[in-house]
Amino acid sequence: MSSILVIGGGAAGLIAAIMGAKTGASVTLLERNERLGKKILITGKGRCNVTSAADVEEIVRHFPGNGTFLYSSLRAFDSARTVEFFENLGVPLKIERGQRVFPVSDRAQDVVDALEKELKRLGVSVHYGQRVKAIKRKAEGAVAGVVTEKGDSFPASAIIIATGGMTYPGTGSTGDGYRLAQIVGHEIKPLRPSLVPLVTEEKWIADLQGLSLKNVRLTLTTKNGKKLGEDFGEMIFTHFGLSGPLILTLSKKATDYWEQKGKSTDQKEPLTMKINLKPALTPEQLDRRIQRDFEQYARKQYKNALQDLLPKSLIPVIQKLSMIPEDKFVHQINRQERFRLQELIRAMTLTVVDHRPMKEAIVTAGGVSIKEINPKTMASKIVPGLFFAGEVIDVDGYTGGFNLQGAWSTGAIAGKSAAEVVTDT
Ligand SMILES: Cc1cc2nc3c(=O)[nH]c(=O)nc-3n(C[C@H](O)[C@H](O)[C@H](O)COP(=O)(O)OP(=O)(O)OC[C@H]3O[C@@H](n4cnc5c(N)ncnc54)[C@H](O)[C@@H]3O)c2cc1C
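Note that this is a predicted model, so its numbers are computed, not measured.

### Description of the nonpolar core
With 84 residues, the main nonpolar core has Ile-4, Phe-86, Leu-115 and Trp-408 as its most contacted residues. Here the element with the most residues in this core is helix α12 (residues 402-424); it accounts for 10 residues. Apart from residues lying up to four places away in sequence, Ile-4 is in contact with Gly-20, Ala-25, Ser-26, Val-27, Thr-28, Ala-158, Ile-160, Gly-415, Ala-418, Ala-419 and Val-422. Formed by 44 residues, the second largest nonpolar core is a distinct cluster that contains Leu-218, Leu-220, Leu-246 and Leu-314.

So this is what it looks like as structure tokens:
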């Protein structure tokens, strides 16, 4: 029987191997680690946000830039198919806030275990500790097999590159697939971190480390006030700046802007992040709210009058930024000072000067150019018998289960199409 070789035992590679075997091909999977799905295990903080319950259109919208490339694979294997697939493997799923789908058990390990069990059931030959270093080709150009770092050769009639991106390299994704693809003639679009924490200029941010804010509105603009993005939700302060779901989403706008500007890392144009701590209140409502608190605490010092309005660790920072002396009695605070406080609460302003390095990003933007991949089959348009799946392709989505859905869809289609090619020959 002709065989498929899958490089990489992550989300895309695992489902590709399963679909290839189900379609009737003999499948070999090579994984450089001693275990499968290391990155899956850390997804969704160990709970694995398997997919999004959104429809195809909505999912495509959550892949800014090249999302439309995913239409065919998503239509063939949408999130309902993903749910069905995992439930059939014995992993019941549940839908949470924001249409995020998780295992009922809240254990990413269950997802990996189920995939591994299915590989065994289907007779996929899995080789651990095998890092592919080159693709061998026939004289006419079609793939012939691979060679690994250990010097072992594996022949194949079709090869699926599912090596992931290059974030969290401890999971095994170190960008090998980009090099393998480039050597056989594929264009690699510039690689950059996407969904990555942001670094701010203000040093006092370290005092807020660990403070998580829910229900805030963030607005990211250029220094000239051009709005790059705005969103509502949850964020966290870190020792270097900002992180959390809202920041990761907005970071995409920042990294894309910096990429467009073509500036090198040390020349990034600083951007402005405004945090509205009370977005549900109009300026008038917020002012009335502050006045109420100030009436209640009229005989106290300013530093002791904000506890009903703000989280405890934020009070000293806001107090300093508002330039109202901490020991001033509340009844002595004038209208102008109160107004300053109100404005600060509605727009706590930070200067974003950089993003954290690639290794700390959730996904890699850039990768194998979509122009050279058939979106219906994931086949290379350059090398006969070569296929791509998952993050190695130049598509990247927002948080919410979209990236894994992209990996399941492209992986499933790549596995099926590769099997159809090899079983036809
Ligand atoms: C902290 C974190 C949390 C995340 N949470 C979520 C989430 O909850 N939901 C979501 O949708 N997305 C999430 N993502 C993104 C998601 O994990 C990835 O987009 C997805 O895993 C990509 O799948 P992949 O199969 O393409 O790559 P990977 O999962 O990275 O798998 C690639 C595999 O290839 C192997 N490999 C690499 N090179 C070679 C080689 N030369 N030879 C052999 N094997 C090789 C690697 O060891 C690895 O096992 C998260 C990412 C991170 C970092």
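Let us keep going from here.
### Some points on unusual backbone geometry
At Lys-45, a residue that is not glycine, the phi angle is positive and equals roughly 55°. Structurally, the position occupied by Lys-45 is in the loop between α2 (38-42) and β3 (51-52). Residue Lys-45 is classed as exposed on the basis of its relative accessible area, which comes to 83%. Positive phi values are uncommon outside glycine, yet Leu-195 reaches one of about 55°.

### Notes on the site of the ligand
Taken together, 36 residues form the shell around the ligand, and within it Glu-31, Ser-173, Asp-176, Glu-391 and Leu-404 come nearest. In this structure, an oxygen atom belonging to the ligand sits 2.9 Å away from a main-chain N or O atom of Gly-44. Note that a nitrogen atom of the ligand is positioned 2.8 Å from one of the side-chain N or O atoms of Asp-176. Of all the secondary structure elements, the ones that give two or more residues to the shell around the ligand are α1 (11-22), α2 and α12. Element by element, the count of residues in the shell around the ligand is highest for α12, at 4 residues. Its residues assigned to classes, the shell around the ligand comprises 14 nonpolar, 16 polar and 6 charged.

The rules we used
- Residues numbered from 1 in each chain as written.
- Predicted model: local features only at pLDDT ≥ 70, side-chain atom pairs only at ≥ 80, totals over all residues.
- Heavy atoms only, no water.
- Core = buried A, V, L, I, M, F, W, Y, C linked by side-chain atoms within 4.5 Å.
- Buried < 20%, exposed > 50% of the residue type's maximum accessible area, 1.4 Å probe, protein only.
- Helix = DSSP H or I, 4+ residues; strand = E, 2+ residues; numbered from the N terminus.
- Contact = heavy atoms within 4.5 Å.
- Near = heavy atom within 4 Å.
- Polar contact = N/O pair within 3.5 Å; in protein donor to acceptor, adjacent residues only side chain to side chain.
- Nonpolar A, V, L, I, M, F, W, Y, C, P; charged D, E, K, R; others polar.

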